[in-house]
Amino acid sequence: GAVVSQHPSWVICKSGTSVKIECRSLDFQATTMFWYRQFPKQSLMLMATSNEGSKATYEQGVEKDKFLINHASLTLSTLTVTSAHPEDSSFYICSASLTGATDTQYFGPGTRLTVL
Amino acid sequence: AQSVTQLGSHVSVSEGALVLLRCNYSSSVPPYLFWYVQYPNQGLQLLLKYTTGATLVKGINGFEAEFKKSETSFHLTKPSAHMSDAAEYFCAVSPNQAGTALIFGKGTTLSVSS
């Protein structure tokens, strides 16, 4: 149980285009989902916390107008990278917590974004 | 505020040798502590976690970790390394609050040689 999926697993896009990444909790409801970014050989950096039905909370330094997060249901959160540039190329990982749970987050397999 | 320090960005061991990956944390409240493993181009897999209770926690793949409050440590160990253990390992901390993200250490790359 507690499986989180991400789609697509990898995407290549041209500079200036927008890319949407989906994060789904397949067998549980997740009130809260988190979006992380990971550069090669580095740790995960929290980008934003996404709560179902409300606006996402962004970490300092993360542009909310560039990284649009929508959490329309208890099983789906989306991250849209708008007007992508090569420096946005990274590994994006989402995670989800069981509603009401405080201990364990379940991570998606990640999405590799390459912007040409 | 919480923070995590993983000592040693790269650890190399021989197959069959003891694995020790170090993690120290800073937290103003009783923390929840986690170890995750990441294989290349994959997401994170939970190895084990400490929330409350027994301080020696056993996880998957023969790994275990001990929460030592006096030392603010949560080191990960495995008695005998296997080639398949080669991966990136992340220690993480979380306050015991619903809806709070994990804070990760910088990670330790484990290499296993035959």
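Residues numbered from 1 in each chain as written. Chains lettered and ligands numbered in written order. Predicted model: local features only at pLDDT ≥ 70, side-chain atom pairs only at ≥ 80, totals over all residues. Heavy atoms only, no water.

Trainee: For this particular structure, what's the right way to read the side chain of Gln6(B)?
Mentor: All names here are of chain B. Checked against the element boundaries, Gln6 lands in strand β1 (residues 3-7). A residue is classified by how much of its surface remains accessible, and Gln6, at 11% relative accessible area, is buried. At 3.0 Å, the side chain of Gln6 forms a polar contact with the backbone oxygen of Tyr89. A distance of 3.1 Å separates a polar side-chain atom of Gln6 from the backbone nitrogen of Gly107. Beyond its immediate chain neighbours, meaning those up to four positions away, Gln6 contacts Arg22, Trp35, Tyr89, Phe90, Cys91, Gly105, Lys106, Gly107 and Thr108. (Helix = DSSP H or I, 4+ residues; strand = E, 2+ residues; numbered from the N terminus. Buried < 20%, exposed > 50% of the residue type's maximum accessible area, 1.4 Å probe, protein only. Polar contact = N/O pair within 3.5 Å; in protein donor to acceptor, adjacent residues only side chain to side chain. Contact = heavy atoms within 4.5 Å.)

Trainee: Help me understand the interface of chain B and chain A in this model?
Mentor: It is common to give the size of an interface as the accessible area that goes away when the parts come together. Contact with chain B, which involves 22 residues of that partner, is made by 20 residues of chain A. Here chain B meets chain A over a buried area of about 1600 Å², counting both sides, of which 55% is carbon and sulfur. Taken together, the links from chain B to chain A amount to zero salt bridges. Joining chain B to chain A, the criterion identifies five residue pairs in polar contact (both at pLDDT 80 or more). Elements supplying a minimum of two residues to the side of chain B that touches chain A: β4 (31-38) and β5 (44-50) of chain B. A per-element tally of the side of chain B that touches chain A places β4(B) first, with four residues. Here the side of chain B that touches chain A is built from residues that sort into 10 nonpolar, 10 polar and two charged. (Buried area = accessible area lost by both parts, 1.4 Å probe. Salt bridge = Lys/Arg side-chain N within 4 Å of Asp/Glu carboxyl O. Nonpolar A, V, L, I, M, F, W, Y, C, P; charged D, E, K, R; others polar.)

All quantities given are derived from atomic positions and should not be read as evidence of function.
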